[in-house]
Amino acid sequence: MKLSIITPTYNRANMLGNLYKSIVKNLEQDEEVRQNVQTQWLVIDDGSTDNTEEVINQYIHENVFEIQYHKQENQGKMAAINHVIHYANGDLIVECDSDDIFSDTAFYDILQAYNEAKKRDDLYGLCFLKYDIEGNNIGNTFQKEETTMFDLYFKEQETGEKAIVFFANIRKQYHYKIENHEKFSTEARMYHEMDLKYKMKCINKPIMICDYKKDGYTKNIQKIFKENPYGHFQYFKEILEQHDMVGVPLRKRLYVIKHYILFSYLTKQYHIKDIKGFKNKMLYSILLIPGLVKSYQFKNKVESIDKICT
C-alpha cells in the first residue's frame, strides 16, 4: 500500500517539523507498516515568504521517504490542493494540514482498514476520527459503519472534524470547485458530489492530532462569508437542488435555507425553481423576506467592521 499525503502550507515552516516527525515515526515503529506501507509527501507551498522551501529541502536531503515540494502564488488552500493532486501516485490520498500531525498508530490503522475495503468499488474513502492535542475526540464517534458525508453531518448530526483517506483512483476524478477566484471553498461541496455515487467506511480510531481551536472558525466566519460568497452560494444551492432533506432535522433545514438566502442576497442570485422538495420550497417562501432583512443587516455590519479596521 502506498499513501500519498498532501499538505498545503503558508508560512508554517516552524510547524512542518512536527508533521514530518510523525510520518517518520509511523513508518519506523511497526514491523507490518515497515514491510507494507510506502509514503509520498506532497508539500504545496501557497506563496510562503518564510523559509518553508529550505525546511522541506532539508527533509528531502535526509531521504527517509519520498517528498516533493511544489510552490504557487498565493491562491488559497483549495487551489493549492487542486494544483498538486495529479502528482499523487499512491493507492490512497489523505490531506493533512501543516499544523496537524499523525497519531502514533495512524498508518497501521489505515493499512488494516484498507486491506478490508480495497476490493470495494462503492467506497470513495475511509473516514477516521481526529483528536485534539489533549486526547479528546473532535466531534462524536460514528453511529454507522458506512455513510456519506451529507448523511453524517445533516442526518446523523455530527458536528466535529473527521479525517478522510480517499481511494486515489476516485479522489483524482474530483477537485475543489472555486468560484470567482475566491480563496476559500468548503471541502464539503466536493464530498457531497462524491456522495452522489459512493459512500465511505467509518472507523472509530483517530489518525490525526490537531491543535484545534473551537472558536477559530466562528471568530472569522463573517470575514470568510464576506470574502467568499460565491462558493458558499453554490454549496447551499447544490444541497437544495440534490436533496429533498427527508430525514434531516428541522434546525438543519433552516440552517441551509437561511444561508442560501444570505448568499443569494450577497451574490444577487436567486433560483427558487431549483429547490427540491415541497417542504423546502415552503420554508424558503416563509423565510425569504425576514432572511433578506437579516442579510442586509449582516452586509452593513461587516462593512462597518471593515471601515473601523481600516
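Residues numbered from 1 in each chain as written. Predicted model: local features only at pLDDT ≥ 70, side-chain atom pairs only at ≥ 80, totals over all residues. Heavy atoms only, no water.

## Notes on the layout of surface pockets
Phase 1: Put simply, the second largest pocket is a space of about 300 Å³.
Phase 2: No other element matches helix H12 (residues 278–309), which puts six residues into the lining of the second largest pocket. (1 Å grid on protein atoms, 1.4 Å probe; cavity = no way out; pocket = protein on both sides within 12 Å on 5 of 7 lines; lining within 4 Å. Points joined across faces, edges and corners; volume = space filled by probe spheres on them. Helix = DSSP H or I, 4+ residues; strand = E, 2+ residues; numbered from the N terminus.)

## Side note on the environment of Ala13
Phase 1: Note that Ala13 resides in the loop between strand S1 (2–9) and helix H1 (16–29).
Phase 2: Separated by 37 residues in the primary sequence, Ala13 and Asp50 place their C-alpha atoms 6.8 Å from one another.
Phase 3: Not counting residues up to four positions away in its chain, the partners in contact with Ala13 are Asp50, Asn51, Thr52 and Val55. (Contact = heavy atoms within 4.5 Å.)

## Focus: the nonpolar core
Phase 1: In this structure, Tyr124, Met149, Phe154, Tyr191 and Ile239 are the most contacted members of the largest nonpolar core, which totals 52 residues.
Phase 2: Among all residues touching Tyr124, those that are not within four sequence positions of it are Met149, Val165, Phe166, Phe167, Ile170, Tyr191, Met194, Asp195, Tyr198, Lys199 and Met200.
Phase 3: Membership of the second largest hydrophobic core comes to 42 residues, among which are Ile23, Leu92, Phe128 and Met208. (Core = buried A, V, L, I, M, F, W, Y, C linked by side-chain atoms within 4.5 Å. Buried < 20%, exposed > 50% of the residue type's maximum accessible area, 1.4 Å probe, protein only.)

## A closer look at H1
Phase 1: The terminal C-alpha atoms of H1, which comprises 14 residues, lie 20 Å apart, in line with the 20 Å expected from a rise of 1.5 Å per residue.
Phase 2: For H1, the set of buried residues is Leu16, Gly17, Leu19, Tyr20, Ser22, Ile23, Val24, Asn26 and Leu27. (Expected span 1.5 Å × (residues − 1).)

## As for the pairing of strand S4 (residues 92–95)
In the case of a regular strand, side chains alternate between the two sheet surfaces.
Phase 1: Of the two faces of S4, the one holding Leu92 and Val94 and the one holding Ile93 and Glu95 are both buried throughout.
Phase 2: In this structure, S1 lies alongside S4, joined through four bridges in parallel fashion. Within the sheet, the bridge partner assigned to Leu3 lies in S4 and is Leu92.
Phase 3: Relative to strand S8 (residues 162–167), S4 runs antiparallel, the two sharing three bridges. In the sheet register, Val94 faces S8, and the bridge partner there is Val165. (Pairing = 2+ DSSP bridges.)

## A short note on the pattern of salt bridges
Phase 1: For the structure shown, the criterion picks out 19 salt bridges.
Phase 2: Residues Arg120 and Asp122 are paired through a salt bridge, measuring 2.8 Å at the closest nitrogen-oxygen approach.
Phase 3: Among the ionic pairs, Glu158 bridges to Lys162, the shortest N-O distance being 3.0 Å.
Phase 4: The exposure class assigned to Glu158 is buried, which follows from its relative accessible area of 3%.
Phase 5: Take Lys162: its relative accessible area is 9%, and that puts it in the buried class.
Phase 6: Salt bridges here are not isolated pairs; linked through shared partners, they connect Arg120, Asp122, Glu146 and Lys199. (Salt bridge = Lys/Arg side-chain N within 4 Å of Asp/Glu carboxyl O.)

## Examining the environment of Ile133
Phase 1: Relative to the helices and strands, Ile133 resides in the loop between strand S6 (123–132) and strand S7 (146–147).
Phase 2: You can call Ile133 exposed: its relative accessible area is 59%.
Phase 3: Here the alpha-carbon distance between Ile133 and Ile209, two residues 76 residues apart in the chain, equals 6.0 Å.
Phase 4: With residues up to four places along the chain from it excluded, the contact list for Ile133 reads Ile209, Cys210 and Asp211.

## Quick look at the pairing of strand S3 (residues 66–71)
Phase 1: Across six bridges, strand S2 (residues 38–45) lies against S3 in parallel orientation. Residue pairing across strands places Trp41 opposite Ile67, the latter belonging to S3.
Phase 2: Crossover connection from S2 via helix H3 (residues 52–62) to parallel S3: handedness right-handed. (Right-handed = clockwise from strand over helix to strand, strands pointing away.)

## Comments concerning unusual backbone geometry
Phase 1: Phi angles above zero are rare outside glycine, and Gln157 is one such case at about 60°.
Phase 2: In the Ramachandran plot, His181 falls in the positive-phi region, its phi being about 60° despite a non-glycine side chain.
Phase 3: Relative to the elements of secondary structure, His181 occurs in the loop between helix H7 (168–171) and helix H8 (188–195).

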